[in-house]
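Structural overview
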Amino acid sequence: MASGRLLATVTCTAPVNIAVIKYWGKRDEELILPINSSLSVTLHQDQLKTTTTAAISKDFTEDRVWLNGREEDVGQPRLQACLREIRRLARKRRSTVDGDSLPLSLSYKVHVASVNNFPTAAGLASSAAGYACLAYTLARVYGVEDDLSEVARRGSGSACRSLYGGFVEWQMGEQADGKDSIARQVAPELHWPQLRILVLVVSAEKKLTGSTVGMQTSVETSPLLKFRAESVVPARMREMLSCIQARDFQGFAELTMKDSNQFHATCLDTFPPISYLNDISRKIMQLVHHFNTYHRQTKVAYTFDAGPNAVIFTLEDTVAEFVAAVRHSFPPETNGDKFLKGLQVTPVLLSEELKAALATEPTPGGVQYIIATQVGPGPQILDDPHVHLLGPDGLPKPAA
Ligand code: DP6
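As the structure is a computational prediction, the values presented were derived from the model and not from experiment.

Procedures and definitions
- Residues numbered from 1 in each chain as written.
- Predicted model: local features only at pLDDT ≥ 70, side-chain atom pairs only at ≥ 80, totals over all residues.
- Heavy atoms only, no water.
- Pairing = 2+ DSSP bridges.
- Helix = DSSP H or I, 4+ residues; strand = E, 2+ residues; numbered from the N terminus.
- Axes fitted to C-alpha atoms, helices over the stretch in contact; angles between N-to-C directions.
- Buried < 20%, exposed > 50% of the residue type's maximum accessible area, 1.4 Å probe, protein only.
- Arc of directions from axis to C-beta.
- Phe/Tyr/Trp six-rings, centres within 6.5 Å; stacked < 30°, edge-to-face > 60°.
- Lys NZ or Arg CZ within 6 Å of the ring centre and 35° of its normal.
- Near = heavy atom within 4 Å.
- Polar contact = N/O pair within 3.5 Å; in protein donor to acceptor, adjacent residues only side chain to side chain.
- Areas by Shrake-Rupley, 256 points an atom, 1.4 Å probe, with all protein chains shown as cover.
- Nonpolar A, V, L, I, M, F, W, Y, C, P; charged D, E, K, R; others polar.
- Parallel < 35°, antiparallel > 145°, perpendicular 65-115°, else oblique.
- Left-handed = near helix turned anticlockwise from the far one by under 90°.
- Contact = heavy atoms within 4.5 Å.
- Core = buried A, V, L, I, M, F, W, Y, C linked by side-chain atoms within 4.5 Å.

**A word on the sheet that holds strand β2 (residues 17-21)**
In spatial order, the strands read β2-β5-β10-β11; together these four strands make up an open sheet with antiparallel pairing. Each of the sheet's edge strands pairs with one partner strand only, and the pair in question is β2 and β11 (183-187). Each strand of the sheet is rotated relative to its neighbour by a mean of 35°, with strand direction disregarded. In terms of strand pairing, strand β10 (residues 167-170) meets β11 through four bridges, oriented antiparallel.

**What about the environment of tyrosine 369?**
Counting through the fold element by element, tyrosine 369 comes out in strand β16 (residues 367-374). Given a relative accessible area of 12%, tyrosine 369 falls into the buried group. Distance from tyrosine 369 to aspartate 59, taken between C-alpha atoms, is 45 Å for residues 310 residues apart in sequence.

**A word on helix α4 (residues 211-221)**
Those residues of α4 that sit buried are Gly214, Met215 and Ser218. Projection of α4 onto a plane perpendicular to its axis shows the buried side chains occupying an angular sector of 90°, all on one side.

**Considerations on the packing of aromatic side chains**
The full count for this structure, using the stated rule, is 11 aromatic pairs. An angle of 55° between the planes, with centres 4.7 Å apart, marks the rings of tryptophan 24 and phenylalanine 263 as tilted. Separated by 239 residues along the polypeptide, tryptophan 24 in the loop between β2 and β3 (26-28) and phenylalanine 263 in helix α6 (residues 249-269) bring together distant segments of the chain. The exposure classification of tryptophan 24 matches that of phenylalanine 263, with both residues buried. On the basis of an interplanar angle of 70° and a centroid distance of 5.3 Å, the ring pair of tryptophan 192 and phenylalanine 252 is categorised as edge-to-face. Of this pair, tryptophan 192 sits in the loop between β11 and β12 (195-202) while phenylalanine 252 sits in helix α6; the two residues are 60 residues apart in sequence, bridging distant segments of the chain. As far as the burial class goes, tryptophan 192 and phenylalanine 252 line up, both buried. Connected via pairs of aromatic rings, a cluster forms that spans Phe167, Trp192, Phe249, Phe252 and Phe313. Its guanidinium or amino end placed over the ring of tyrosine 136, arginine 140 lies 4.0 Å from that ring's centre, counting from NZ or CZ.

**Regarding the site of the ligand**
Surveying the vicinity of the ligand reveals 17 residues, the closest of which are Tyr23, Lys26, Arg78, Ser156 and Ser158. Take lysine 26: an N or O atom from its side chain is 2.7 Å from an oxygen atom of the ligand. The side chain of serine 211 places a nitrogen or oxygen atom 3.4 Å from an oxygen atom of the ligand. Within the complex, 94% of the 460 Å² of free accessible area of the ligand lies under protein. Tallied by class, residues from the shell around the ligand come to seven nonpolar, five polar and five charged.

**Some points on the pairing of strand β7 (residues 64-67)**
Bridging between β7 and strand β9 (residues 109-116) involves four bridges; their strand directions are parallel. Bridged to leucine 67 within β9 is serine 114. Pairing of β7 with strand β8 (residues 70-71), which is carried by two bridges, proceeds in the antiparallel orientation. Paired with leucine 67 across the two strands is arginine 70, which belongs to β8. Linking β7 back to β8 in an antiparallel pair, the connection comprises two residues, with asparagine 68 at a positive phi of about 45°.

**Focus on the environment of leucine 89**
For leucine 89, the position within the fold is in helix α1 (residues 77-96). It is 36 Å that separates the C-alpha atoms of leucine 89 and cysteine 243, two residues lying 154 residues apart in sequence.

**Quick notes on the packing of helix α7 (residues 279-295) against helix α8 (residues 319-329)**
Contact geometry for α7 and α8: axes closest at 11 Å, N-to-C directions at 130°. By the angle between their directions, the pair α7 and α8 is classed as oblique. As α7 packs across α8, the resulting crossing turns out to be right-handed. Residues Leu287, Val288, Phe291 and His295 of α7 pack against Glu321, Phe322, Ala325, Val326 and Ser329 of α8. Here the contact of α7 with α8 is composed, by residue class, of six nonpolar, two polar and one charged.

**Things to note about the nonpolar core**
Among the nonpolar cores identified, the biggest contains 67 residues, and Phe252, Ile312 and Phe313 are the most heavily contacted of them. With residues near it in sequence (within four places) discarded, phenylalanine 252 still touches Val20, Val41, Trp192, Leu195, Met240, Cys243, Ile244 and Phe313. In terms of nonpolar packing, the next biggest core, distinct from the first, is built from 47 residues, Leu106, Cys133, Cys160 and Leu225 among them.

Set out below in C-alpha coordinates:
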(Lines give C-alpha, C1' and ligand atoms only; values in the text may rest on other atoms or scores of the structure.)
Protein backbone atom coordinates (compact mmCIF):
# COMPACT_ATOMS: atom_id res chain seq x y z
CA MET A 1 0.00 0.00 0.00
CA ALA A 2 1.43 3.39 -0.91
CA SER A 3 2.13 5.75 1.94
CA GLY A 4 -0.27 8.63 2.18
CA ARG A 5 -3.29 6.39 1.76
CA LEU A 6 -3.75 6.00 5.50
CA LEU A 7 -6.64 8.23 6.30
CA ALA A 8 -5.71 8.97 9.88
CA THR A 9 -3.03 7.71 12.25
CA VAL A 10 -3.04 8.63 15.94
CA THR A 11 -0.78 7.52 18.80
CA CYS A 12 -1.70 7.94 22.47
CA THR A 13 -0.51 6.71 25.85
CA ALA A 14 -2.53 5.75 28.93
CA PRO A 15 -1.67 5.00 32.54
CA VAL A 16 -2.04 2.10 34.96
CA ASN A 17 -4.30 2.73 37.96
CA ILE A 18 -4.37 1.06 41.37
CA ALA A 19 -7.61 0.89 43.32
CA VAL A 20 -7.67 1.93 46.97
CA ILE A 21 -11.38 1.07 47.20
CA LYS A 22 -11.64 -2.12 45.15
CA TYR A 23 -14.01 -3.07 42.36
CA TRP A 24 -14.94 -6.75 42.70
CA GLY A 25 -18.19 -8.08 41.27
CA LYS A 26 -20.52 -7.23 38.39
CA ARG A 27 -24.27 -6.78 38.32
CA ASP A 28 -24.23 -7.02 34.51
CA GLU A 29 -21.59 -9.19 32.84
CA GLU A 30 -22.30 -7.99 29.32
CA LEU A 31 -22.25 -4.24 30.01
CA ILE A 32 -19.58 -4.63 32.74
CA LEU A 33 -21.54 -2.82 35.45
CA PRO A 34 -20.13 -3.15 38.99
CA ILE A 35 -21.90 -3.99 42.26
CA ASN A 36 -20.05 -1.16 44.02
CA SER A 37 -18.27 2.09 43.26
CA SER A 38 -14.46 2.15 43.42
CA LEU A 39 -11.66 4.68 43.71
CA SER A 40 -8.14 4.61 42.33
CA VAL A 41 -4.86 6.45 42.04
CA THR A 42 -3.39 6.93 38.56
CA LEU A 43 0.28 5.92 38.37
CA HIS A 44 2.81 8.01 36.45
CA GLN A 45 3.39 7.09 32.81
CA ASP A 46 7.12 7.78 33.08
CA GLN A 47 7.26 4.37 34.78
CA LEU A 48 4.18 2.45 33.61
CA LYS A 49 2.18 3.06 30.47
CA THR A 50 0.57 1.59 27.40
CA THR A 51 1.19 3.20 23.99
CA THR A 52 -1.34 2.60 21.21
CA THR A 53 -1.44 3.59 17.56
CA ALA A 54 -4.68 3.36 15.56
CA ALA A 55 -4.97 3.94 11.83
CA ILE A 56 -7.97 3.81 9.51
CA SER A 57 -7.78 3.39 5.80
CA LYS A 58 -10.01 2.68 2.86
CA ASP A 59 -7.50 0.00 1.89
CA PHE A 60 -7.78 -2.10 5.05
CA THR A 61 -9.93 -5.15 4.50
CA GLU A 62 -10.48 -6.09 8.17
CA ASP A 63 -10.00 -4.75 11.68
CA ARG A 64 -6.66 -6.00 13.05
CA VAL A 65 -5.00 -5.68 16.46
CA TRP A 66 -1.40 -6.32 17.58
CA LEU A 67 -0.40 -6.48 21.26
CA ASN A 68 3.29 -6.24 22.10
CA GLY A 69 4.06 -7.22 18.50
CA ARG A 70 1.77 -10.28 18.36
CA GLU A 71 -1.46 -10.29 16.39
CA GLU A 72 -4.54 -10.83 18.56
CA ASP A 73 -7.85 -12.42 17.70
CA VAL A 74 -9.96 -9.38 16.85
CA GLY A 75 -13.09 -11.46 17.37
CA GLN A 76 -12.68 -11.39 21.16
CA PRO A 77 -16.02 -10.17 22.53
CA ARG A 78 -14.53 -7.35 24.63
CA LEU A 79 -12.49 -5.97 21.75
CA GLN A 80 -15.56 -6.18 19.55
CA ALA A 81 -17.64 -4.36 22.18
CA CYS A 82 -15.12 -1.47 22.30
CA LEU A 83 -14.99 -1.15 18.50
CA ARG A 84 -18.78 -1.32 18.20
CA GLU A 85 -19.26 1.26 20.96
CA ILE A 86 -16.79 3.81 19.54
CA ARG A 87 -18.32 3.48 16.06
CA ARG A 88 -21.78 3.97 17.58
CA LEU A 89 -20.62 7.20 19.24
CA ALA A 90 -18.97 8.34 16.01
CA ARG A 91 -22.15 7.65 14.08
CA LYS A 92 -24.20 9.54 16.65
CA ARG A 93 -21.87 12.51 16.32
CA ARG A 94 -22.06 12.44 12.52
CA SER A 95 -25.80 12.56 12.59
CA THR A 96 -26.07 15.29 15.23
CA VAL A 97 -23.06 17.56 14.76
CA ASP A 98 -21.22 18.38 11.57
CA GLY A 99 -21.92 15.11 9.84
CA ASP A 100 -21.19 16.20 6.31
CA SER A 101 -17.82 17.70 7.06
CA LEU A 102 -16.48 14.47 8.56
CA PRO A 103 -14.51 12.09 6.34
CA LEU A 104 -16.22 8.97 5.13
CA SER A 105 -14.35 6.99 7.70
CA LEU A 106 -16.97 5.03 9.56
CA SER A 107 -17.06 2.08 7.26
CA TYR A 108 -13.28 1.93 7.05
CA LYS A 109 -11.45 -0.79 8.93
CA VAL A 110 -9.00 0.02 11.68
CA HIS A 111 -5.54 -1.30 12.52
CA VAL A 112 -4.37 -1.02 16.12
CA ALA A 113 -0.95 -1.71 17.63
CA SER A 114 -0.30 -1.50 21.35
CA VAL A 115 2.76 -1.96 23.59
CA ASN A 116 3.44 -1.74 27.33
CA ASN A 117 6.61 -0.17 28.70
CA PHE A 118 6.64 -2.69 31.53
CA PRO A 119 7.09 -6.46 31.34
CA THR A 120 3.74 -8.26 31.09
CA ALA A 121 5.53 -11.15 32.77
CA ALA A 122 5.72 -9.04 35.93
CA GLY A 123 2.05 -9.79 36.41
CA LEU A 124 1.11 -6.13 36.59
CA ALA A 125 -2.44 -5.41 35.48
CA SER A 126 -2.06 -4.18 31.95
CA SER A 127 -5.65 -4.52 30.75
CA ALA A 128 -6.77 -1.27 32.42
CA ALA A 129 -4.09 0.82 30.72
CA GLY A 130 -4.57 -1.15 27.50
CA TYR A 131 -8.32 -0.67 27.13
CA ALA A 132 -8.19 2.96 28.32
CA CYS A 133 -5.55 3.61 25.66
CA LEU A 134 -7.61 1.82 23.02
CA ALA A 135 -10.72 3.86 23.84
CA TYR A 136 -8.80 7.14 23.94
CA THR A 137 -6.91 6.50 20.69
CA LEU A 138 -9.97 5.29 18.75
CA ALA A 139 -11.88 8.35 19.98
CA ARG A 140 -9.22 10.61 18.45
CA VAL A 141 -9.20 8.67 15.19
CA TYR A 142 -12.99 8.75 14.85
CA GLY A 143 -13.42 12.29 16.18
CA VAL A 144 -15.48 11.22 19.20
CA GLU A 145 -15.65 13.72 22.07
CA ASP A 146 -18.14 11.99 24.38
CA ASP A 147 -17.35 10.53 27.79
CA LEU A 148 -15.33 7.38 27.09
CA SER A 149 -16.13 5.51 30.31
CA GLU A 150 -18.43 3.10 28.52
CA VAL A 151 -15.98 2.31 25.72
CA ALA A 152 -13.11 1.58 28.13
CA ARG A 153 -15.36 -0.21 30.63
CA ARG A 154 -16.60 -2.65 27.99
CA GLY A 155 -12.95 -3.74 27.58
CA SER A 156 -12.24 -4.11 31.30
CA GLY A 157 -14.14 -2.53 34.18
CA SER A 158 -11.12 -0.98 35.87
CA ALA A 159 -10.02 0.55 32.53
CA CYS A 160 -12.53 3.41 32.82
CA ARG A 161 -10.53 4.70 35.81
CA SER A 162 -7.37 4.95 33.62
CA LEU A 163 -9.06 7.64 31.47
CA TYR A 164 -8.08 10.32 34.00
CA GLY A 165 -5.02 11.35 35.96
CA GLY A 166 -4.78 11.98 39.69
CA PHE A 167 -7.45 10.38 41.87
CA VAL A 168 -10.41 8.81 40.09
CA GLU A 169 -13.77 7.44 41.15
CA TRP A 170 -15.86 4.98 39.15
CA GLN A 171 -19.44 5.62 40.16
CA MET A 172 -21.34 2.35 39.98
CA GLY A 173 -24.51 4.03 38.69
CA GLU A 174 -28.05 2.71 39.00
CA GLN A 175 -29.43 2.55 35.48
CA ALA A 176 -29.84 -0.81 33.79
CA ASP A 177 -28.26 0.54 30.57
CA GLY A 178 -25.12 1.67 32.45
CA LYS A 179 -25.26 5.24 31.18
CA ASP A 180 -24.57 6.55 34.69
CA SER A 181 -21.76 4.08 35.42
CA ILE A 182 -18.92 6.48 34.73
CA ALA A 183 -15.44 7.46 35.85
CA ARG A 184 -14.59 10.98 36.99
CA GLN A 185 -11.56 12.67 38.45
CA VAL A 186 -11.96 13.56 42.14
CA ALA A 187 -8.57 15.28 42.62
CA PRO A 188 -5.98 16.28 40.03
CA GLU A 189 -2.52 14.84 39.47
CA LEU A 190 -0.69 17.55 41.44
CA HIS A 191 -3.10 17.57 44.38
CA TRP A 192 -0.82 15.55 46.71
CA PRO A 193 2.76 15.97 45.45
CA GLN A 194 4.39 14.19 48.40
CA LEU A 195 2.63 10.89 47.70
CA ARG A 196 4.91 8.10 46.44
CA ILE A 197 4.06 4.66 45.13
CA LEU A 198 6.28 1.58 45.11
CA VAL A 199 5.35 -1.48 43.07
CA LEU A 200 6.96 -4.52 44.69
CA VAL A 201 7.22 -7.20 42.03
CA VAL A 202 7.00 -10.57 43.73
CA SER A 203 8.21 -13.77 42.14
CA ALA A 204 4.87 -15.21 41.09
CA GLU A 205 3.85 -18.70 40.10
CA LYS A 206 1.98 -18.27 36.83
CA LYS A 207 -1.31 -19.97 37.65
CA LEU A 208 -4.00 -17.70 39.00
CA THR A 209 -7.70 -17.10 38.58
CA GLY A 210 -8.37 -14.15 36.27
CA SER A 211 -10.37 -11.26 37.75
CA THR A 212 -13.33 -11.78 35.42
CA VAL A 213 -13.94 -15.41 36.40
CA GLY A 214 -12.86 -14.81 40.00
CA MET A 215 -15.34 -12.01 40.63
CA GLN A 216 -18.12 -13.94 38.92
CA THR A 217 -17.65 -16.86 41.35
CA SER A 218 -17.48 -14.40 44.27
CA VAL A 219 -20.79 -12.77 43.26
CA GLU A 220 -22.40 -16.22 43.04
CA THR A 221 -21.08 -17.64 46.31
CA SER A 222 -19.78 -15.04 48.78
CA PRO A 223 -22.20 -13.57 51.32
CA LEU A 224 -19.35 -11.37 52.55
CA LEU A 225 -19.05 -9.76 49.11
CA LYS A 226 -22.74 -8.88 49.13
CA PHE A 227 -22.40 -7.34 52.58
CA ARG A 228 -19.28 -5.45 51.46
CA ALA A 229 -20.91 -3.98 48.35
CA GLU A 230 -24.13 -2.97 50.07
CA SER A 231 -23.07 -2.00 53.56
CA VAL A 232 -19.34 -1.24 53.62
CA VAL A 233 -18.24 0.39 50.38
CA PRO A 234 -20.67 3.36 50.26
CA ALA A 235 -19.33 4.79 53.55
CA ARG A 236 -15.75 3.91 52.60
CA MET A 237 -16.06 5.84 49.32
CA ARG A 238 -17.07 8.96 51.26
CA GLU A 239 -14.33 8.45 53.83
CA MET A 240 -11.63 7.86 51.21
CA LEU A 241 -12.69 10.95 49.30
CA SER A 242 -12.39 13.14 52.37
CA CYS A 243 -8.97 11.64 53.31
CA ILE A 244 -7.73 12.46 49.79
CA GLN A 245 -9.21 15.95 49.84
CA ALA A 246 -7.57 16.65 53.23
CA ARG A 247 -4.32 14.89 52.25
CA ASP A 248 -4.73 12.86 55.44
CA PHE A 249 -2.11 10.16 54.91
CA GLN A 250 -2.88 8.09 58.02
CA GLY A 251 -6.57 7.92 57.19
CA PHE A 252 -5.89 7.20 53.51
CA ALA A 253 -3.30 4.52 54.34
CA GLU A 254 -5.38 2.68 56.92
CA LEU A 255 -8.49 2.60 54.74
CA THR A 256 -6.43 1.45 51.74
CA MET A 257 -5.05 -1.51 53.71
CA LYS A 258 -8.44 -2.40 55.21
CA ASP A 259 -10.10 -2.34 51.81
CA SER A 260 -7.41 -4.52 50.23
CA ASN A 261 -7.75 -6.96 53.15
CA GLN A 262 -11.53 -7.07 52.82
CA PHE A 263 -11.28 -7.75 49.09
CA HIS A 264 -8.95 -10.69 49.79
CA ALA A 265 -11.28 -11.84 52.57
CA THR A 266 -14.13 -11.99 50.02
CA CYS A 267 -11.84 -14.12 47.84
CA LEU A 268 -11.40 -16.59 50.69
CA ASP A 269 -15.18 -16.44 51.29
CA THR A 270 -15.73 -17.41 47.64
CA PHE A 271 -16.46 -21.09 47.09
CA PRO A 272 -14.24 -22.75 45.97
CA PRO A 273 -11.92 -20.18 47.57
CA ILE A 274 -9.58 -17.98 45.56
CA SER A 275 -6.19 -16.87 46.88
CA TYR A 276 -4.13 -14.24 45.17
CA LEU A 277 -1.70 -13.52 48.00
CA ASN A 278 1.33 -15.75 48.58
CA ASP A 279 3.80 -16.08 51.47
CA ILE A 280 5.86 -13.15 50.19
CA SER A 281 2.73 -10.94 49.98
CA ARG A 282 1.95 -11.80 53.60
CA LYS A 283 5.56 -11.08 54.63
CA ILE A 284 5.28 -7.66 52.96
CA MET A 285 2.07 -6.97 54.92
CA GLN A 286 3.87 -7.90 58.12
CA LEU A 287 6.83 -5.71 57.21
CA VAL A 288 4.53 -2.72 56.68
CA HIS A 289 2.77 -3.25 60.01
CA HIS A 290 6.06 -3.67 61.91
CA PHE A 291 7.45 -0.56 60.22
CA ASN A 292 4.38 1.45 61.22
CA THR A 293 4.40 0.10 64.78
CA TYR A 294 8.06 1.07 65.16
CA HIS A 295 7.23 4.62 64.07
CA ARG A 296 4.06 4.67 66.21
CA GLN A 297 2.34 6.10 63.15
CA THR A 298 0.94 4.77 59.87
CA LYS A 299 3.66 5.82 57.48
CA VAL A 300 3.24 3.12 54.83
CA ALA A 301 0.27 1.24 53.32
CA TYR A 302 -0.04 -1.81 51.09
CA THR A 303 -2.67 -2.87 48.60
CA PHE A 304 -2.91 -6.04 46.48
CA ASP A 305 -5.03 -6.76 43.39
CA ALA A 306 -5.66 -10.15 41.78
CA GLY A 307 -2.05 -11.29 42.21
CA PRO A 308 0.80 -11.41 44.75
CA ASN A 309 2.52 -8.10 43.81
CA ALA A 310 2.27 -5.38 46.45
CA VAL A 311 1.63 -1.72 45.72
CA ILE A 312 2.91 0.48 48.53
CA PHE A 313 1.82 4.05 49.30
CA THR A 314 4.02 6.31 51.37
CA LEU A 315 5.20 9.92 51.53
CA GLU A 316 8.37 11.37 50.03
CA ASP A 317 10.11 11.63 53.43
CA THR A 318 9.65 7.91 54.18
CA VAL A 319 10.46 6.30 50.81
CA ALA A 320 14.21 5.86 51.35
CA GLU A 321 13.85 4.23 54.76
CA PHE A 322 11.09 1.89 53.58
CA VAL A 323 13.06 0.84 50.47
CA ALA A 324 15.98 0.03 52.79
CA ALA A 325 13.61 -2.04 54.93
CA VAL A 326 12.43 -3.99 51.86
CA ARG A 327 16.04 -4.56 50.79
CA HIS A 328 16.86 -5.78 54.30
CA SER A 329 13.90 -8.19 54.41
CA PHE A 330 14.20 -9.39 50.81
CA PRO A 331 17.90 -9.16 49.89
CA PRO A 332 18.30 -9.12 46.08
CA GLU A 333 19.76 -12.42 44.90
CA THR A 334 21.33 -10.96 41.76
CA ASN A 335 21.48 -7.56 40.10
CA GLY A 336 21.41 -5.64 43.38
CA ASP A 337 21.97 -2.48 41.35
CA LYS A 338 18.83 -3.08 39.27
CA PHE A 339 16.65 -3.79 42.32
CA LEU A 340 15.17 -0.29 42.26
CA LYS A 341 13.73 1.09 39.02
CA GLY A 342 11.96 4.36 38.27
CA LEU A 343 12.26 7.41 40.52
CA GLN A 344 15.61 7.92 42.23
CA VAL A 345 15.73 7.02 45.90
CA THR A 346 18.81 7.95 47.92
CA PRO A 347 20.14 4.86 49.73
CA VAL A 348 20.03 5.07 53.54
CA LEU A 349 21.24 2.74 56.28
CA LEU A 350 18.65 1.18 58.55
CA SER A 351 19.09 1.72 62.27
CA GLU A 352 19.73 -1.41 64.34
CA GLU A 353 16.56 -0.61 66.32
CA LEU A 354 14.42 -0.63 63.19
CA LYS A 355 16.06 -3.84 61.94
CA ALA A 356 15.22 -5.48 65.26
CA ALA A 357 11.66 -4.11 65.15
CA LEU A 358 11.09 -5.56 61.68
CA ALA A 359 11.68 -8.95 63.29
CA THR A 360 11.73 -10.83 60.02
CA GLU A 361 13.99 -13.60 58.86
CA PRO A 362 15.29 -12.22 55.52
CA THR A 363 13.86 -13.96 52.42
CA PRO A 364 16.45 -13.60 49.64
CA GLY A 365 14.89 -12.93 46.21
CA GLY A 366 11.32 -12.71 47.58
CA VAL A 367 10.88 -9.33 45.94
CA GLN A 368 12.34 -9.34 42.42
CA TYR A 369 12.48 -5.58 42.03
CA ILE A 370 10.78 -2.34 43.00
CA ILE A 371 9.34 0.30 40.64
CA ALA A 372 9.29 3.69 42.36
CA THR A 373 6.68 6.05 40.94
CA GLN A 374 4.18 8.78 41.82
CA VAL A 375 0.72 10.03 40.93
CA GLY A 376 0.47 10.84 37.23
CA PRO A 377 -1.64 12.36 34.46
CA GLY A 378 -4.32 10.78 32.28
CA PRO A 379 -3.97 9.66 28.64
CA GLN A 380 -1.85 11.78 26.31
CA ILE A 381 -1.74 12.28 22.55
CA LEU A 382 1.74 12.02 21.04
CA ASP A 383 2.26 14.40 18.16
CA ASP A 384 5.58 13.17 16.80
CA PRO A 385 4.85 10.83 13.83
CA HIS A 386 8.06 8.92 14.62
CA VAL A 387 6.36 7.39 17.65
CA HIS A 388 3.64 5.69 15.58
CA LEU A 389 3.70 1.93 16.10
CA LEU A 390 2.21 1.37 12.64
CA GLY A 391 4.20 2.12 9.52
CA PRO A 392 2.89 3.82 6.36
CA ASP A 393 1.72 0.40 5.16
CA GLY A 394 -0.53 0.13 8.22
CA LEU A 395 1.45 -2.77 9.66
CA PRO A 396 3.45 -2.77 12.92
CA LYS A 397 6.88 -1.24 12.50
CA PRO A 398 9.65 -3.72 13.31
CA ALA A 399 10.67 -3.21 16.98
CA ALA A 400 13.55 -0.75 17.14
C1 DP6 B 1 -8.80 -6.60 41.85
O2 DP6 B 1 -11.18 -4.65 35.70
O3 DP6 B 1 -9.61 -6.62 35.54
O4 DP6 B 1 -7.93 -5.12 40.20
O5 DP6 B 1 -13.98 -5.92 34.51
O6 DP6 B 1 -13.70 -8.40 34.46
O7 DP6 B 1 -12.09 -6.93 33.22
P8 DP6 B 1 -13.01 -7.06 34.42
O9 DP6 B 1 -12.09 -7.01 35.71
P10 DP6 B 1 -10.87 -6.06 36.06
O11 DP6 B 1 -10.89 -6.21 37.67
C12 DP6 B 1 -10.04 -5.49 38.50
C13 DP6 B 1 -10.15 -6.00 39.89
C14 DP6 B 1 -9.12 -5.48 40.86
C15 DP6 B 1 -9.66 -4.31 41.67
C16 DP6 B 1 -9.75 -2.98 40.98
O17 DP6 B 1 -8.93 -2.65 40.11
O18 DP6 B 1 -10.64 -2.20 41.39
